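# Tertiary structure, described
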Amino acid sequence: MTPKPNTALDNGNQLLIVATAKIVMVVAISLSLYQLYTAGITALTALVQRSIHLGAILTLTFLLKPAYSKADKDRINAWVVLDWVLVAASIYCTAYICLNLTEIFDRQGDWLPADRLVSVIGTILVLEACRRVIGLFMTGICIVMMLYAYFGPYMPELIIHKGYSIERIATTLWLTTEGIFGLPLGVAATFVFVFVLFGAFLESTGGGNFFIEMAYALTGRFSGGPAKTSVVASGFMGSVSGSAVGNVVATGSFTIPMMKRVGYRPHVAGAIEAAASTGGQLMPPIMGAGAFLMAEFTNTSYLTIIKVALVPAIMYYLTVLIFVHFEAQKMGLKGQPKEKLPRIGQTLRNGLHFIIPVAILIYVLLNNYSPMMAGFVTVISTVLASMAANAVRWVRMPAGGENKRSVLGFATDELVSIKEALEKGARNAVMVSVACAAAGIIVGMVTLTGMGLKFSSLVLELSFGIKALAILLIGAASLVLGMGLPVTASYIVLATLAGPALLDMGVPLLVGHMIVFWYSQDANVTPPVSLASFAGAGVAGANPMRTAFTSWKLAKGLYIIPLVMAYRPLLGVGPTYQLFDLEVGLTMLTTTLGLVAFAAGIERYFFRKATWLETILFWAAAACLLWPIFWVDMLGLALFVIVIVMQKMIGDGGERVASPNIQQLK
């Protein structure tokens, strides 16, 4: 006999789904509006501003992310009840700071039982949010750091310290700006959120498609055009989105199928998109959260950060483009016919209003406004530009046409678009905010125990004072950390632990942070865990590890350029921060040529397939051009010219790679 359906329970489950969706929408939109208000209208006390932000982020986390992969959030059960308990606890613990701010400041160190309880619960909430959003790896690091702070007297001699009580650890993390509510969350709750919101508005209004079409119109005619489109489009998108995996999914859904259609193997198509998207976090003006964090860590203006970051980022993209070009030439891939490409004039006319917010952003930054105000103005200008463009299109529609909406219908559609962008912006910010809150635990414990100085001494000792070796050690540490940490969190941890070691070796502060930031990106494209590569493989339908190894090859500039930064003024950083002088210009030129020679050596191709002698000459030229001595650079330049002449004047030195059979690829 078939059991009767439980109508009351089904109705309750349906009500739960609807109520949760409504609450998520309200919290997300409220958070976005709150962030805009504090960015452009009224600033709040740091602890208050950050606690309200974290309370909303924790609420969204527990409502959106299940306790474990198989937990059913669409049905009333114990896990859903737990989620709502955690939401209530998050609201209480963060509201406690806002309601008792003056008293908390007055009794620093003389804590009440309620202070201790709230601190312990709040820290546990952040750890649970980290476990759900980021995973066990970073959660484990946070717990290990707290255990290290507690069991300090029992540690090995190299890292021993006096030890701290649970009360001291918890209250430092929750009731001061030295822990969870420290600099990382402060950056996430101010600059980063506003620019994430800008990216959400740009995407929801069609800006993402505009940048992709622009790239396709510019590069589609050339050999391997879709792959070059991928690189250029990822540069455009990455300069405002700052998320490598998000960039892969957004631009890759369009560019990867194009690459496969013209003959690229699936794993190569996915790898190209992954390598190109990784550069998005290196490309100004937004650089993920990196530019904002670096500005705070180094006490340098945001404008200076993006100025010195621009040339190395362009070099990285140039390296990827060179690899892509050589791959296309080896495979005999041709460009697309002109008639099949978007017309650049028409594309610009349709999307000119998307350039306005970017131009306004650059203007505001050049006039020394704060990044928060710049983000606020950019978001508002994006909304107004999009509404104005849509209004012009609406007015030009013929009256009585079936697509012509009423004034009320037009206004409703615009409000719905704004609402969706506000909600999407808050959802997109969850990961980076949770990562920064968890990173605050690590930074707080490092500061409390003095571990930063100990780690710095260890790096100095193991590297024997050699900068290159120290940088390689930092690169290895970043790779290990990057397997479980988002890029932003990896940068924060490495900057806190390893940054002082580079400073002790004579590397300027800003250069050291830029080196650490570049190496924090490598986990996106370096096996065995490379999230951007895996995302590209998913879109391409390719083998993930094969895609990862190919993207690792394409992204070699990620490893070489930071080494050049350490020894030469590639960033233009010196006592006067002069970006353009003779030495800086020579460094940029030789580094660029060295990267081209390096790519030619790896691919064994320039104008044609290289012989082994030519390959050795390419490698020698690259090494010399990247070496920080003038006469060695000149030797490298001479070798590079010689091997290019050999490639041009002497016949084919080896067999060409046959163009792939597209039907077989399918």
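Scroll up to find the structure.
Now for a description of the structure that goes with this document. (Residues numbered from 1 in each chain as written. Predicted model: local features only at pLDDT ≥ 70, side-chain atom pairs only at ≥ 80, totals over all residues. Heavy atoms only, no water.)

So, about unusual backbone geometry. Positive phi outside glycine occurs at N299, with the angle close to 55°. When its relative accessible area of 73% is taken as the criterion, N299 is described as exposed. Positive phi, normally seen in glycine, also occurs at R604, with a value near 55°. Relative to the helices and strands, R604 is located in the loop between α26 (582-603) and α27 (612-626). A relative accessible area of 19% means that R604 is categorised as buried. (Buried < 20%, exposed > 50% of the residue type's maximum accessible area, 1.4 Å probe, protein only. Helix = DSSP H or I, 4+ residues; strand = E, 2+ residues; numbered from the N terminus.)

A word on the packing of helix α2 (residues 46-64) against helix α8 (residues 183-204). Remark: α2 packs on α8, axes separated minimally by 10 Å, with the N-to-C direction vectors making an angle of 80°. Classed by the angle they form, the pair α2 and α8 counts as roughly perpendicular. Judged by residue contacts, Q49, R50, H53 and L54 of α2 engage L183, L185, G186, A188, A189, T190 and F193 from α8. Taken together, the residues of the contact of α2 with α8 break down into 6 nonpolar, 4 polar and 1 charged. (Axes fitted to C-alpha atoms, helices over the stretch in contact; angles between N-to-C directions. Parallel < 35°, antiparallel > 145°, perpendicular 65-115°, else oblique. Contact = heavy atoms within 4.5 Å. Nonpolar A, V, L, I, M, F, W, Y, C, P; charged D, E, K, R; others polar.)

Inspection of the secondary structure puts S277 in helix α12 (residues 266-278). Residue class for S277 comes out buried when judged on its relative accessible area of 0%. Of the polar contacts made by the side chain of S277, one reaches the side chain of E273; its length is 2.7 Å. (Polar contact = N/O pair within 3.5 Å; in protein donor to acceptor, adjacent residues only side chain to side chain.)

Here we come to the packing of aromatic side chains. According to the stated counting rule, one finds 16 aromatic pairs in the structure shown. Measuring from ring centre to ring centre gives 6.3 Å for F326 and Y605, while their planes differ by 50°; the resulting arrangement is tilted. Residue F326 is located in helix α14 (residues 302-331), and its partner Y605 is located in the loop between α26 and α27; the two are separated by 279 residues in the primary sequence. Its relative accessible area of 3% is what places Y605 among the buried residues. Joined through ring pairs, the aromatic side chains of F326, Y605, F606, F607, F618 and F640 make up one cluster. One cation-aromatic arrangement involves K556 over W552; the distance from NZ or CZ to the ring centre is 4.0 Å. Above the ring of W612, the side-chain terminus of R604 is found at 4.0 Å from the ring centroid. (Phe/Tyr/Trp six-rings, centres within 6.5 Å; stacked < 30°, edge-to-face > 60°. Lys NZ or Arg CZ within 6 Å of the ring centre and 35° of its normal.)

Counting residues in hydrophobic clusters, the biggest one holds 188 residues, and the most contacted among them are W174 and Y316. Per-element tally for this core: the top contributor is helix α17 (residues 407-449), with 18 residues. (Core = buried A, V, L, I, M, F, W, Y, C linked by side-chain atoms within 4.5 Å.)

Within this structure, the stated rule accounts for 10 salt bridges. In this structure, the salt-bridge partner of D115 is R107, at a minimum N-O distance of 2.6 Å. The pair D115 / R107 is uniform in exposure class, with both members buried. Because the salt bridges share partners, they merge into one network encompassing D83, E128, R131 and R132. (Salt bridge = Lys/Arg side-chain N within 4 Å of Asp/Glu carboxyl O.)

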